[in-house]
Amino acid sequence: MNIKAEIHNQLGSDIVASSVAAIAKYPSPIVMVDMGTATSLSLIVGSVYEGCIIMPGLALALDALSERAAALPPISIETASPVGLMGHTTEEAMRSGVLYGHASMVDGMLERIEESIGQSVTTVATGGNAPRILRYCKRPIQYDADLIMTGLYLLYQKNAKKYRKA
Ligand SMILES: Nc1ncnc2c1ncn2[C@@H]1O[C@H](COP(=O)(O)OP(=O)(O)O)[C@@H](O)[C@H]1O
Ligand SMILES: CC(C)(COP(=O)(O)O)[C@@H](O)C(=O)NCCC(=O)O
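Residues numbered from 1 in each chain as written. Chains lettered and ligands numbered in written order. Predicted model: local features only at pLDDT ≥ 70, side-chain atom pairs only at ≥ 80, totals over all residues. Heavy atoms only, no water.

1. A closer look at helix α2 (residues 58–68)
The condition that has to hold: Note on exposure labels: buried denotes an accessible area under 20% of the residue type's maximum, exposed denotes more than 50%, and partly exposed covers the range between, all computed with a 1.4 Å probe on protein chains only. Here a strand is any run of E in DSSP of at least two residues, a helix any run of H or I of at least four, and the numbering for each starts at the N terminus. The reported arc concerns the directions from the helix axis to the C-beta atoms and nothing else.
For α2, the set of buried residues is L58, L62 and S66. Summarising the axial view, the buried residues of α2 lie within an arc of 50 degrees, below the 170-degree limit, and thus occupy one face. Residues E67 and R68 are exposed on α2 and point more than 90 degrees away from its buried face.

2. A word on the site of ligand 1
Put simply, the rule is: Throughout, near means a residue has at least one heavy atom within 4 Å of the molecule or strand. Each polar contact in these results corresponds to two N or O atoms within 3.5 Å; when the atoms are within protein, one needs to be able to donate a hydrogen and the other to accept it, and residues that are neighboring in sequence are counted only if both atoms are side-chain atoms. Surface accessibility in these figures is a Shrake-Rupley result with a 1.4 Å probe; residues are shielded only by whichever protein chains are displayed. In the scheme used here, Gly and all other residues not listed as nonpolar or charged are polar, with Ala, Val, Leu, Ile, Met, Phe, Trp, Tyr, Cys and Pro taken as nonpolar and Asp, Glu, Lys and Arg as charged.
In the vicinity of ligand 1, the contacting residues are M35, G36, T37, G127, G128, N129 and R132. Residue T37 places a side-chain N or O atom 2.5 Å away from an oxygen atom belonging to ligand 1. At 2.7 Å, a backbone N or O of G128 approaches an oxygen atom of ligand 1. With the chains in place, 38% of the 550 Å² that ligand 1 exposes on its own is no longer accessible. Residues of the shell around ligand 1, tallied by class, amount to one nonpolar, five polar and one charged.

3. Description of the site of ligand 2
Around ligand 2 sit Q10, L11, G12, D14, I15, D34, G36, T37, A38 and I54, and that is every residue in its neighbourhood. One of the backbone N or O atoms of T37 is found 2.9 Å from an oxygen atom in ligand 2. One nitrogen or oxygen atom from the main chain of A38 is found 2.8 Å from an oxygen atom belonging to ligand 2. In isolation ligand 2 has 470 Å² of accessible area, and contact with the protein removes 64% of it. Among the residues forming the shell around ligand 2, the class breakdown is four nonpolar, four polar and two charged.

4. With respect to the sheet that holds strand β4 (residues 48–56)
Selection criterion: Pairs of strands are assigned from DSSP output, requiring at least two bridges between the strands. Every residue pair with non-hydrogen atoms within 4.5 Å of one another is taken to be in contact. For every element, the axis is a line fit to its C-alpha atoms; helices are fit only across the contacting stretch, and the angle between N-to-C directions ranges from 0 to 180 degrees.
Pairing in this open sheet of six strands is mixed, and the strands run β1-β4-β3-β2-β5-β6 from one edge to the other. Here the strands that pair on one side only, and so sit at the sheet edges, are β1 (2–3) and β6 (142–143). On the sheet, helix α3 (residues 90–117) packs against β2 (30–35), β3 (38–45), β4 and β5 (122–126) and is oriented at approximately 20 degrees with respect to β3.

Written as structure tokens, this is what we have:
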């Protein structure tokens, strides 16, 4: 993978591993969405890592809301049934804002990336928060839970071959 970044070492190793797997598994151009502590979107064209967008992750956004706004309580976003858009209690309103807000952020950024490159992209999501959010996205986004592990394995195989030769 050819990384287009000012300082190559800055790119997170989790993103490098997931991108290597995404290149091997999905058609280009790809946007790889990683929903962990941060939510990041990486654009990969062919074998070139074009760049990244880093945003606050789901739990960070939720914690910030209850920690910084005096009247907002800490809440859980885990619910048995789907969350409605309009809240009728503070808890429901916060849950809707965080979940639909995050989903809209992802949908909106994907649209902007496609506009900026003038092509539609294959989108794959990974990270522990992805299943919580993807159900609220307007755009169908494939979930691949094992992208980092697949990428680490591919990198291990590549390096093992190199060192066996040397
Ligand atoms: N397999 C999983 N199923 C459900 N939740 C998960 C899973 N893995 C991680 N999580 C939760 O999802 C969130 C993000 O996890 P993760 O993607 O591992 O973040 P990070 O890459 O920042 O460590 C955390 O709150 C974690 O508890
Ligand atoms: C963007 C990240 C914080 C995402 O980490 P995560 O939420 O997956 O734990 C991590 O990949 C990182 O620290 N990256 C370094 C900066 C960069 O990738 O440009």
